[in-house]
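# Tertiary structure, described
The lines below spell out each chain.
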Amino acid sequence: MASPLTQRQLFEKFVSFPTVSRDGNLDLIDWVEEYLTGFGIHCARVWNPARSKASLYAHAGPWVPGGVMLSGHTDVVPVDGQDWSSDPWELTERNGRLYGRGACDMKGFDALAIWALVEAKSRDVARPLQLALSYDEELGCLAAPALIAAMARADLPRAAAVIVGEPSMLQVVTGHKGNIGFEIRLKGHEVHSSMQHKGVSAVMEAGRLIQWANDANDLNRSRPPEGDDGLFDPPWTTVHVGEIAGGTAQNITAADCRMGLDYRCVPSDSLAACRDALMAEVARVEAGMKAIRPETAITVEDTFSVPALAPETDGAAEALARRLTGDNATHVVSYATEAGQFQEGGFSTVVCGPGDIAQAHQPDEYITLDQFRQGEAFMARLLDHLKE
């Protein structure tokens, strides 16, 4: 049996795999599975329908419930068009920082989790340590539900707590917003723009939906926050359009338009209610289009839906994470993670990982050496906890 790699060596290995979401992650999954099974750790894959990507779960320690599950994702965002000072696929140390794509989000945590799993196998832990590695988190947390369901079907001993290691500066995050996204396609009718009253411009009709989103943001911002909503920044639900494309030429009413729209919902707003509000506005705009040209239409495709993470009362995961970190403050975040999906699956869950989310997705993405070392100490304390 080969000697275990150090935390730093594992980190370097993880960063070396260019697991951009669009390209897949099987090279990394192959390596992780071979590495862990080499130490006698039980592993299983959960494939995507095309078998081009896979999640992986693993179990180290006694085959009993009540352990801890560490959750991370393997995919990263692209580096295209970004100005990097060093190779993004090589972990590079400069001035007390470790640079590389995924260094912060979240291959540093993944490497620490792999190290801890091997350590748990070799130590006399009383309760197991488990690992859940997903794909396509960056595309809308697409893989975690199937991963959670597969672990349940396999009768994997149920963990008492799940720690999702997204970068939080090792603060204990007990809540995050829900997130739901859509692709909206508008079919217009082309005429010369001098006669635009006889046509329907898909681009200009999309503009009505964008203005509705702006108005919704203004209205949500004007309302006083309810309950836990006030913990978030901002403390209201936001509607965002980040991409739009359509049209043929400036002097032709656009025959088509495509746009993306998503919500980030505070706890007092349900994802279903947000979707209903959007669909009501889509129906209103479409009716106006059809009054001019009946063949026009708007179609809406749901692209992702990520439930919020709700603060738990006497949650086992929160109690454990506070014990391991010493953090007793209240923290919530406005971005979504897989934590809400684990909680929806019946697990007590928190977000707690090394690194600063402000560095995620940036050129020259990094985690500080200090944060990585604090992550090492966190895992060492977790292993001590599992021996009790």
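Just so you know, these numbers come straight off a predicted model, no measurement behind them. (Residues numbered from 1 in each chain as written. Predicted model: local features only at pLDDT ≥ 70, side-chain atom pairs only at ≥ 80, totals over all residues. Heavy atoms only, no water.)

## Notes on the packing of aromatic side chains
Scanning the model with the defined rule gives 5 aromatic pairs in all. Of the aromatic side chains, those joined through ring pairs into one cluster are Trp31, Tyr35 and Phe39. Here the guanidinium or amino end of Arg51 rests over the ring plane of Trp47, the centre of that ring lying 4.1 Å away. Positioned over the ring face of Phe347 is Arg158, at 4.0 Å from the centre of the ring. (Phe/Tyr/Trp six-rings, centres within 6.5 Å; stacked < 30°, edge-to-face > 60°. Lys NZ or Arg CZ within 6 Å of the ring centre and 35° of its normal.)

## Considering the sheet that holds strand E5 (residues 97–99)
With respect to topology, 3 strands assemble into an open sheet ordered E4-E5-E15, the strand pairing being antiparallel. Edge positions in the sheet fall to strand E4 (92–94) and strand E15 (366–368), since each has one partner strand and no second. Recorded for the sheet is a direction-independent mean angle of 25 degrees between the axes of neighbouring strands. Against the sheet, helix H9 (residues 369–387) touches E4, E5 and E15, its axis set at about 70 degrees to E15. (Pairing = 2+ DSSP bridges. Helix = DSSP H or I, 4+ residues; strand = E, 2+ residues; numbered from the N terminus. Axes fitted to C-alpha atoms, helices over the stretch in contact; angles between N-to-C directions. Contact = heavy atoms within 4.5 Å.)

## Brief notes about the nonpolar core
Judged by nonpolar contacts, the single largest core of 56 residues is most densely connected at Leu36, Leu70, Leu129 and Met379. Those residues in contact with Leu36 that lie beyond four places of it in its chain are Ile41, Cys43, Ala58, Ile114, Leu117, Val118 and Leu131. Residues Ala213, Leu261, Cys265 and Leu278 belong to the second largest nonpolar core, which totals 25 residues. (Core = buried A, V, L, I, M, F, W, Y, C linked by side-chain atoms within 4.5 Å. Buried < 20%, exposed > 50% of the residue type's maximum accessible area, 1.4 Å probe, protein only.)

## Here we look at the side chain of Lys53
Here Lys53 lies in the loop between strand E1 (42–47) and strand E2 (54–60). A distance of 2.5 Å separates a polar atom in the side chain of Lys53 from the backbone oxygen of Ser21. Ignoring any residue separated from it by four or fewer positions in sequence, one finds Lys53 in contact with Ser21, Gly24, Asn25, Leu26, Val46, Trp47, Asn48, Tyr135, Asp136 and Leu139. (Polar contact = N/O pair within 3.5 Å; in protein donor to acceptor, adjacent residues only side chain to side chain.)

## Some thoughts on the pattern of salt bridges
Close approach of charged atoms lets side chains of opposite charge pair. In the structure shown here, the tally under the stated rule is 16 salt bridges. Notably, a salt bridge pairs Arg208 with Glu205, separated by 2.8 Å at the nearest N-O pair. With Arg208 and Glu205 both in helix H5 (residues 202–222) and 3 residues apart, this pair spans about one turn of that helix. Overall, the relative accessible area of 10% leaves Glu205 in the buried class. Between Glu388 and Arg323 there is a salt bridge, with the nearest N and O atoms lying 2.6 Å from each other. Note that Glu388 is positioned in the segment after H9 and Arg323 in helix H7 (residues 316–325), a separation of 65 residues in sequence. Each of Arg8, Glu12 and Glu93 takes part in a single network of salt bridges with overlapping partners. (Salt bridge = Lys/Arg side-chain N within 4 Å of Asp/Glu carboxyl O.)

## Details of H9
In this model, H9 (19 residues) spans 28 Å end to end at C-alpha, consistent with the 27 Å of a helix rising 1.5 Å per residue. Of all the positions in H9, only Leu369, Gln371, Phe372, Gly375, Phe378, Met379, Leu382, Leu383, His385 and Leu386 are classed as buried. (Expected span 1.5 Å × (residues − 1).)

## Some points on the sheet that holds strand E12 (residues 297–306)
The strand order across the open sheet built from 4 strands is E10-E11-E9-E12, with neighbouring strands paired in antiparallel fashion. Only two strands of the sheet have a single partner each, and these edge strands are strand E10 (238–246) and E12. If you compare each strand with its neighbour and ignore which way they point, the axes differ by 15 degrees on average. In this sheet, strand E11 (residues 256–265) lies alongside strand E9 (residues 178–187) in antiparallel orientation, the contact comprising 10 bridges. When the bridges of E11 are listed, Gly181 appears paired with Asp262. Along the sheet face, helix H6 (residues 271–292) touches E9, E11 and E12 and points at about 165 degrees away from the line of E12.

## Things to note about the packing of helix H1 (residues 7–16) against helix H3 (residues 107–122)
Interhelical geometry of H1 versus H3 gives an angle of 130 degrees and a closest axis separation of 8 Å. Judged by the inter-axis angle, H1 sits oblique to H3. The handedness of the crossing between H1 and H3 comes out as right-handed. Taking contact as the criterion, the partners of Gln7, Leu10, Phe11, Phe14 and Val15 in H1 are, on H3, Lys107, Gly108, Asp110, Ala111, Leu112, Ile114 and Trp115. (Parallel < 35°, antiparallel > 145°, perpendicular 65-115°, else oblique. Left-handed = near helix turned anticlockwise from the far one by under 90°.)

## What about unusual backbone geometry?
The omega angle of the peptide bond from Asp105 to Met106 is -5 degrees, so this bond is cis rather than trans. Of the consecutive residues Asp233 and Pro234, the connecting peptide bond is found in the cis state with omega at 0 degrees. Considering the arrangement of structural elements, one finds Pro234 in the loop between H5 and E10. The residue Arg51 is not glycine, and still its phi comes out positive at about 55 degrees. You can see Arg51 is positioned in the loop between E1 and E2. A positive phi angle, near 50 degrees, is found at Asn95, a position not held by glycine. Looking at where Asn95 falls in the secondary structure, it is placed in the loop between E4 and E5. Residue Asn95 is classed as exposed on the basis of its relative accessible area, which comes to 78%.

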